[in-house]
Amino acid sequence: MKRKSLLQVMLMGGVLLLLSSCWRDITGWFSSTADTTSTTGAASTSAAPATPAAAAATLPFGVTIGGQTARVKPPLDQFGTLAGPVAPDAVISVAASVDSVIVNAFPCDVSGSVDSGAQPSIIVMQKTTSAKLSDTLDKKALTPGKYMLNVVAGTVGTARLVIDVQ
């Protein structure tokens, strides 16, 4: 019973840390005029809809999964993507100097849309900038399919990616 309670406390702590680190991103999901500095690296407070040319060209920090570097490119201009699928135990590395990194992996469709009831798989990296995708808090490997990742590196920002797990 104590182990289950400890896991729940750790999970809730991870969720609260994620929410506090990417509050601008969360509020941006509900506002067309939100400042998107933390996900794109450049402020955008214009009420006009973004065009593909105005979309973010880079992530706030580098992310590599299974040896593939995430790049922002069409058709998913708001997310980083990889050249191909990755293994469920692939190593994810971030190029950011922070004490902790939290990765939330949500199952999604090809456009990066997440079902509102989807539960994330959470990976917490303490005092390191790399871990395996299989190092989830619940110790369950990611099943094959598409995932939307929120990679939160403290105050550096949040990199959002859509990846394919084999």
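Per chain, residues are indexed from 1 in the order of the written sequence. It should be noted that, the model being predicted, local features are given only for residues of pLDDT at least 70 and side-chain atom pairs only at 80 or more, the latter also being counted only at that level, while totals for whole chains, interfaces and linings use all residues. Where side-chain values are given, they derive from all heavy atoms of the structure, hydrogens and water being excluded.

(A) How the structure looks around the pairing of strand β5 (residues 91-95). Here β5 shows one buried face, formed by Ile92 and Val94, and one open face, formed by Val91, Ser93 and Ala95. Pairing between two strands is assigned when DSSP locates at least 2 bridges connecting them. Each helix is a run of DSSP H or I of at least 4 residues and each strand a run of E of at least 2, with the numbering of both proceeding from the N terminus. Strand direction decides the pairing type here: strand β1 (residues 62-65) and β5, joined by 4 bridges, are antiparallel. When the bridges of β5 are listed, Thr64 appears paired with Ser93. As paired elements, β5 and strand β8 (residues 130-132) share 3 bridges and run antiparallel to each other. Counterpart to Val91 in the pairing with β8 is Lys132. Type-normalised accessible area, obtained with a 1.4 Å probe on protein chains alone, sets the label of each residue: buried when under 20%, exposed when over 50%, and partly exposed for intermediate values.

(B) Expanded view of the pattern of salt bridges. In the sections that follow, a salt bridge refers to a side-chain nitrogen of Lys or Arg positioned within 4 Å of a carboxyl oxygen of Asp or Glu. Under the definition given, this model contains 2 salt bridges. In this structure, Asp99 and Lys127 form a salt bridge, with 4.0 Å as the shortest nitrogen-oxygen distance. Note that Asp99 is positioned in the loop between β5 and β6 (100-107) and Lys127 in the loop between β7 (121-126) and β8, a separation of 28 residues in sequence. Classification of Asp99 as exposed rests on a relative accessible area of 52%. One salt bridge connects Lys146 with Asp164, and the closest N-O pair in it is separated by 3.5 Å. Taken as a pair, Lys146 in strand β9 (residues 145-153) and Asp164 in strand β10 (residues 157-165) lie far apart in primary sequence, 18 residues in all. Note on Lys146: relative accessible area 25%, which makes it partly exposed. For Asp164, a relative accessible area of 30% puts it in the partly exposed group.

(C) Region of the structure containing the sheet that holds β7. Strand order in the open sheet formed by 6 strands is β3-β4-β10-β9-β6-β7, with mixed pairing between adjacent strands. In this open sheet, the two strands that pair with only one neighbour each are β3 (71-72) and β7. Where strand β4 (residues 80-81) lies against β10, 2 bridges are found, and the strand directions are parallel. Opposite Thr81, over in β10, you have Val162 as the bridge partner.

(D) Molecular detail of the environment of Val110. Structurally, the position occupied by Val110 is in the loop between β6 and β7. The sequence separation of Val110 and Ile163 amounts to 53 residues, and the corresponding C-alpha distance is 9.3 Å. Setting aside residues no more than four positions away along its own chain, Val110 makes contact with Leu76 and Lys146. Whether two residues are in contact is decided by their heavy atoms: any pair within 4.5 Å suffices.

(E) Highlighting the nonpolar core. Definition used in this section: a nonpolar core is a set of buried Ala, Val, Leu, Ile, Met, Phe, Trp, Tyr and Cys residues joined via side-chain atoms within 4.5 Å. Ile65, Leu149, Val151 and Ile163 are the most contacted members of the largest nonpolar core, which has 29 residues in total. Elements supplying a minimum of two residues to this core: β1, β5, β6, β7, β9 and β10. Apart from the residues lying within four places of it in its own chain, the contact partners of Val151 are Phe61, Ile92, Val94, Val101, Ile102, Val103, Gly157, Thr158, Ala159 and Leu161. Residues Leu76, Phe79, Phe106 and Cys108 belong to the second largest nonpolar core, which totals 6 residues.

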